[in-house]
Structure formats: structure tokens, C-alpha cells
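Each chain, letter by letter, is given below.
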Amino acid sequence: MSGNKKKKKITAGTVCNYAVLTLIAFICLYPFLNVIAYSLSGYNAVLSGKVTFYPIDFDLGAYRQILGKTQIWQAMRTTVIVTLAGTALSLILTIFSAYGLSREDLPGRKLLTGLILFTMYFGGGLIPTFLVVKGVGLYDSLGALFIPQAINVFNFIVMRTFFRSLPQSLEEAARIDGASYIKVLFKIVLPLSLPIIATIGLFYAVGYWNSYFDALLYIQDPSKYTLQLRLRSLLFGEELNNSGANLEGLGTQVMTQSLKMATVAVSTIPILVVYPWLQKYFVKGVMVGSVKG
Amino acid sequence: MQNKGKRKSMQHTLVKMWNYKWIYLMLLPVMAYYVVFKYIPMYGVTIAFKDYNVFKGVLGSPWCGLEVFQKIFKNHNFWQAIRNTMVLNLLTLLVSFPLTIIVSLMLNEVMSAKFKKITQSVLYLPHFISWVVVAGIATNLFSQQGGTVNQILSSAGISPIPFLSDKGWWIFTYVLCNVWKEIGWGTIIYLAALTGVDESLYEAAYLDGATKFQRLIYITIPSIKSVIVTMLILQISKMMTIGLDAPLLLGNKKVMGVSEVISTYTYRLGIESAKYSDSTAIGLFQSVINITILFAADKFAKAIGEDGII
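This text gives an overview of the structure that appears in the document. Please read these numbers as outputs of a predicted model, since none were measured by experiment.

Residue and element names in this part refer to chain B. Assignment of secondary structure puts Ile82 in helix H5 (residues 76-109). Counting along the chain gives 150 residues from Ile82 to Leu232, while the straight-line C-alpha distance between them is 21 Å. With sequence-adjacent residues up to four places away left out, Ile82 is seen in contact with Met240, Ile262 and Phe285.

Put into C-alpha cells, the structure is as follows:
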């Protein structure tokens, strides 16, 4: 009898646990549902404030409008270019630094590693960096969006830790056969490191896709706006100028609510498309990174 | 004799360096990057001690000692930014830190692998969304006019809440958005630690008749204690830093009194008002405080027998 009772009690706790976790998952997901519901709802439904969970009076008008804007396509293109170029540059430099500094007996290794790690704790700050970027002629060019932040020290540490864990004997054998270090890197180390390269590549790509402050800081010409910066000016542009006062007619304001959410959806979809890979690799990356090298 | 040995070892080093020539060639662009974009700006902090003049540049501007610091320390806005940074960080920590651990423990109790996987996937998702998008969604949900939450409240007969335009409510919304974005992601490290807990301890406790709650208190939590302490120290060492995105994007003129943090203040002062020296001085002040806290936290961690964080 008492055993039975105990079992029942545990079940109640388990049910409660599942219920609360489901609720938390719902809270994490709901804002996205809200975005989709708004972006797909008809004008009058949004106006009357009926939209909460699902689209009412299904309408693709907002998407048609947003995808008809050349500004969005231009911004999308800029962001794709920056993401691809930035990820490529970041990966190359991170691989070079991690590979070079994973050689235990490299003369000067400690000094060079120290110089890199020190930048984690101290930096010039906003204005001195801004002045340097301006000084080397990157201001208002797309290069400013990835060259000044090409290497992330954390990613460097993760990759160096991985390179160190590779079996030394393979490399040594190749060295004895007369292969240069460059050959060893491309023929032996890189093929063995594809998972970590994918992980760190994704780290960088998501960072570039989502970053907006660098564009705010360095880009002047609206035709070079990135997606996030364009999104910001579409979402908050008017609000910033007239400090929240609702000067427009209510109708246009509500129309833009659908439009705004459609824009949010369009700029988030690429992230959602790669999300399954993101999740798989990122979790691994965090684990490797938490083992300090 | 000793000299000869020295010379020999130096020769040895030079030979080794020659062998590594390709490696050095690879490191060249890396080091060039660090010098140009990290170390030259570090020298640039000297403009915090200069009367910066755009035409004379960083090197040519005249020194002015601690004048800039004296000026900013007298400024009310500076102290306000410091206070806001600490208040927002502290409140976020107070809510998110225990909540992250609780959610991790709950996820750890889940037996169904499928349910666990789906829940985790959903919980990690907000981490990958940009702050611009989060702020856009938050505005749609919480604005006083036409915000979804206020519409639901008003249909329940509750008057609209100024989530984004009242200072107190804005802090609430800020903390909420931060917790929403990062809580799932924060569980990863605890879940990893939880998988490392020795199963036999649970079995022994079960045979001794320990309840589920007792097992949690006496086995699970002590087993991940060191991770909890390390994470807490790590979070505390970041008390004076807030990324600029969240406060800048969620904030507006009405709540500037609580949303202006050090990073947004240096941005507005430096870029919008072009007060380069003032902005740099504040950044430098913040860096020095950060390093001090970091070293203190590291010392503390080691003193209580945990791993250091540096």
C-alpha cells in the first residue's frame, strides 16, 4: 500500500515537471508565433487587436510588400557578403593562429599567445578602435564590418585545444617524409578537424549575421546598410524621431505592425534554416570551450 | 664554457626558427591584425589624458593630465550610467542565475529522451536571435498601444501597463527579455556537469530510502557545486559590463534615466557628441574596474578551493 502511494507521488512530481517545462518551452516559442501571426494577419484583424496566437484573415500582403522593397534585398545582399567574407577571413586567421601556436616548441610561442590572450582582458575601447578603423581607410566600407573583429579569442582557444588533442604521430610521420608544415596543415590537420571548423565557422557566421552595432558605427551610406541595421531603422526609425508620440493615423500604424513583423520573420528565417546544425555543433563547441586550454 | 653553451643553444633556437619559417609566415597576418586593431587602439587610450584635437590626431594633441577624469567624475550622467549598469546586471543575475539552475535540474529529471531533446532545442533557440529582432518582438508584445500583452490584459479588464515607457516597468521588461534570450543556453554547462554525477550515489541513496528531494539536496547539488560557484564568480566579474545592444535597442528617451549604461553612454558621448577624450576616459575607467574585479574574483575562487577563472 505504502509502496503504491510512493509511486503515485513520484508520478505527480514528474507530471508537474513535464508541465512546467512545457510551459517554459511555450514561453520561449510564443514570441515567434506572435511574429508569424501578426505578419500573416489581415489589416482589420490587426487593427481590432484580435491577433494573439494564430493568423486571422490570412493575408500575405505584408510579405508581398516587404519583399517588394529593394532596400530589403540590398541589405540582405550586403549581409550575405559580409557573412561569407567575414566567416572565411575569420576561419583562415583562427586556423593559422591556432595551428601555429599549438606547436609546443615554437620559439616565441608564449609571448605571441600572451599577446593574443591579453586582448581578452584589456582593449582600447570604442573611440580608439573607431579612430584606427577610420585611419586605415575602412570607414563606410564593408570591410569595417569584419576585418577589425576578424579573430575571436575564445574561438582561437577552442580551436587550439582541438589541434593539441590530435595525435602527434601522424604529423611527425609526415614531417619525416619531408612534408612542410603547410602541407601537414592542409593534408593532415584540416581533414581531421572538419567538425571543429564547421562549429567555429557557424559561430562566426551567426555573429556576423546578427551583428548590428559595427554597421551602426562604421556605415554611413544607406545603400550599404546591413540587414540588422535596416531592420532597426524600419522597426524603430519613426519612434526614435518623434519620441513615441503617435503622429500618424492609427491605420498606417497598425499596417506597419504587420509589416514590421513580416520584416522580422524574413530576417530571422535564415537563422532558423541553419538552426538544426547550429544547435548540434554549438553545444559541442561550448563544451570544448569550457575545458580551458 | 658557459658562453659556449649559450651560443650553442641560441644556434639551436635559430635553426628551429628556420624550420618553423612557414609557421611564422602564417602567424604574420594574425599578429598584424592584433597590432593594428588591438594594440594601436590600446595606445589610443592615451587620448583620455589629452585634450584631443581632430586635426592634431592622437599623437599631436597636447597632454592635459587627469583633467578629463576630473571632468567626468563630476558629471552626474557618468555616475548614473555606472549605477544603471550595476542595477541591470544585478537584477538580471538575481533572476537568471537561480532560474537557470532550476531549469537545468528539471531537464535533468526528464526521462523521455525525445521530450528532453525537443525542449532543449526550443529553449536554445532565442540565443541565436539578434537583439534587433528581440527588441522588435518585445515592442510588438509590450507596447502600450496595440501591444499583444496589453490587449490581452485589457480584454480581462486590466488597464494597460507601460512596459516600455515607465522606468520601473522598463527594467522588468529588460530583465525579462534577457532571461528569455539566455536561460536555455545557460543550462548547457549545468547539464554537462549533471551528466557527470556518479549514478551509484543515487542508487545507494535510493536503497537507503532517500526521497527524490533529499537526493537532490544531498547528492545532485553538492556534485555540481563547483560549477555553480565558478559560474557565479564569472558572472559577478562581468558586473560592470553590459553589451550595448540590449539597452540601446530596448531603451527610449522616456526611460533613459534607467537604460543608459556605460557602453551606451560612451557611444553617445563619443560618436554622437564627438567628445573623444571623455568617452575614452570612461571606457578606460571601466576596463580598469573590470580587471580589478576579475583578479579579485580569481583570487577569491582560488582561496575557496575552486579553479581560477583566468
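Next comes the rest of the account.
What follows covers unusual backbone geometry. Positive phi values are uncommon outside glycine, yet Asp57 of chain A reaches one of about 50°. Looking at where Asp57 of chain A falls in the secondary structure, it is placed in the loop between helix H2 (43-47) and helix H3 (61-67).

For the coordinates displayed, the defined rule picks out eight salt bridges over all chains. Among the ionic pairs, Arg164 of chain A bridges to Glu104 of chain A, the shortest N-O distance being 3.5 Å. Taken as a pair, Arg164 of chain A in helix H7 (residues 153-165) and Glu104 of chain A in the loop between helix H4 (70-100) and helix H5 (109-121) lie far apart in primary sequence, 60 residues in all. By relative accessible area, Arg164 of chain A is classed as partly exposed at 31%. A salt bridge links Asp298 of chain B to Lys302 of chain B; its shortest N-O distance comes to 2.9 Å. Placement of the pair is Asp298 of chain B and Lys302 of chain B together in helix H16 (residues 276-303), with a separation of four residues, close to one helical turn. One salt-bridge network, held together by shared partners, links Glu104, Arg109 and Arg164 of chain A.

The subject of this paragraph is the packing of aromatic side chains. Any aromatic ring pair is given by two values, namely how distant the centres are and how the planes are angled relative to each other. Enumeration according to the criterion identifies 30 aromatic pairs over all chains in this entry. Residues Tyr275 of chain A and Phe128 of chain B carry aromatic rings whose centres are separated by 5.6 Å and whose planes lie at 70° to one another, so their mutual orientation is edge-to-face. Taken together, the residues span two chains, with Tyr275 of chain A in helix H13 (residues 250-290) and Phe128 of chain B in the loop between helix H6 (113-124) and helix H7 (131-142). Members of the aromatic cluster, joined through ring pairs, are Phe49, Phe69, Phe73, Phe78, Trp79 and Phe285 of chain B. One cation-aromatic arrangement involves Lys21 of chain B over Trp18 of chain B; the distance from NZ or CZ to the ring centre is 4.6 Å. Stacked on the ring of Trp63 of chain B, the Lys or Arg Lys50 of chain B has its end atom at 4.5 Å from the ring centre.

Residues and elements named next belong to chain A. Under the definition given, this model contains two cavities of 30 Å³ or more. Considering only enclosed or pocket space, the largest cavity measures out at about 60 Å³ in volume. Taken together, Thr79, Val82, Leu145, Tyr208, Trp209, Ser211, Asp214, Ala215, Thr226 and Leu227 form the lining of the largest cavity. Counted by class, the lining of the largest cavity contains six nonpolar, three polar and one charged residues. Empty space within the second largest cavity amounts to approximately 30 Å³.

Conventions we followed
- Residues numbered from 1 in each chain as written.
- Chains lettered and ligands numbered in written order.
- Predicted model: local features only at pLDDT ≥ 70, side-chain atom pairs only at ≥ 80, totals over all residues.
- Heavy atoms only, no water.
- Helix = DSSP H or I, 4+ residues; strand = E, 2+ residues; numbered from the N terminus.
- Contact = heavy atoms within 4.5 Å.
- Salt bridge = Lys/Arg side-chain N within 4 Å of Asp/Glu carboxyl O.
- Buried < 20%, exposed > 50% of the residue type's maximum accessible area, 1.4 Å probe, protein only.
- Phe/Tyr/Trp six-rings, centres within 6.5 Å; stacked < 30°, edge-to-face > 60°.
- Lys NZ or Arg CZ within 6 Å of the ring centre and 35° of its normal.
- 1 Å grid on protein atoms, 1.4 Å probe; cavity = no way out; pocket = protein on both sides within 12 Å on 5 of 7 lines; lining within 4 Å.
- Points joined across faces, edges and corners; volume = space filled by probe spheres on them.
- Nonpolar A, V, L, I, M, F, W, Y, C, P; charged D, E, K, R; others polar.

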